[in-house]
Amino acid sequence: MENKKPYTTGEIAALCHVTINAVKKWIASGKLEAFKTPGGHFRVNHDDFITFLEKFKLDVKEDIFPERRKILIIDDEHDVVEFIKGAIEAMDKDYQVETAGDGYEALIKVGDFKPELLVLDIRMPKIDGFEVCRRIKGDDGTKQIKILAVTAYGRDDIEKIIQCGADYCMPKPIKLKEFQRNIQRLLK
């Protein structure tokens, strides 16, 4: 990915659906990192462009980075979400990660974000992981989404979530290397 050639201001303008002058203003204001060629033309490195898109939440990533794998983390414990997010981001920068704090929010985000994988806590407020799993796997539009469930409640939860359609279930506390291996296995 680092070997990609730099973008021209025209390419960035087309990808962001703006004018070349708008791109030049972003560069002049310091919002978009760029360098000048010996001929005086601006160029933007791939990684700087990604940083810009993420910082300003521009919604053009689908056009440019279709290879980014999408993962939705659903857990009501903030510390667990941060651990899981860090574990995924440490694996491969091509993962695009979103989070949800409960099952209700998760179901809404599945429709908008269209993840390939859910990392799903089972015991949550509003709609629990069992119901989220049943709804995802019971719908023709979402049943292909892989589900890696996590639980602190033991064998009964593990068996029940697998019956609901989860592809795999891990106990909490999560073991980092085992978790990362399961992410890679489910996204093959």
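What comes next is a walk through the structure.

Parameters at a glance
- Residues numbered from 1 in each chain as written.
- Predicted model: local features only at pLDDT ≥ 70, side-chain atom pairs only at ≥ 80, totals over all residues.
- Heavy atoms only, no water.
- Pairing = 2+ DSSP bridges.
- Helix = DSSP H or I, 4+ residues; strand = E, 2+ residues; numbered from the N terminus.
- Axes fitted to C-alpha atoms, helices over the stretch in contact; angles between N-to-C directions.
- Contact = heavy atoms within 4.5 Å.
- Buried < 20%, exposed > 50% of the residue type's maximum accessible area, 1.4 Å probe, protein only.
- Arc of directions from axis to C-beta.

**Comments concerning the sheet that holds strand 8 (residues 168-171)**
Turning to step 1, where the next piece is worked out: The strand order 5-4-6-7-8 describes an open sheet built from 5 strands, whose pairing is parallel. Only two strands of the sheet have a single neighbouring strand rather than two, namely strand 5 (95-100) and strand 8. Taken over all neighbouring pairs, the strand axes of this sheet differ in orientation by 20° on average, direction set aside.
Turning to step 2, where the next piece is worked out: Sheet topology note: the strand 6 (residues 117-121)/strand 7 (residues 146-151) ladder contains 5 bridges and is parallel. Residue pairing in the sheet places Leu118 in a bridge with Ile147 of strand 7.
Turning to step 3, where the next piece is worked out: Set on the sheet, helix 5 (residues 78-91) makes contact with strand 4 (69-74), strand 5 and strand 6; between it and strand 5 the angle comes to about 175°.

**What about helix 6 (residues 103-113)?**
Turning to step 1, where the next piece is worked out: For helix 6, the complete set of buried residues consists of Gly103, Ala106, Val110 and Phe113. Seen end-on, helix 6 carries its buried residues on one side only, within an arc spanning 95°.
Turning to step 2, where the next piece is worked out: Its buried side turned inward, helix 6 meets strand 4, strand 5, strand 6 and helix 7 (129-137).
Turning to step 3, where the next piece is worked out: Looking one or two residues past helix 6, Lys114 carries a phi angle of roughly 55°, positive in sign.

Honestly, it's all geometry; don't read function into it.
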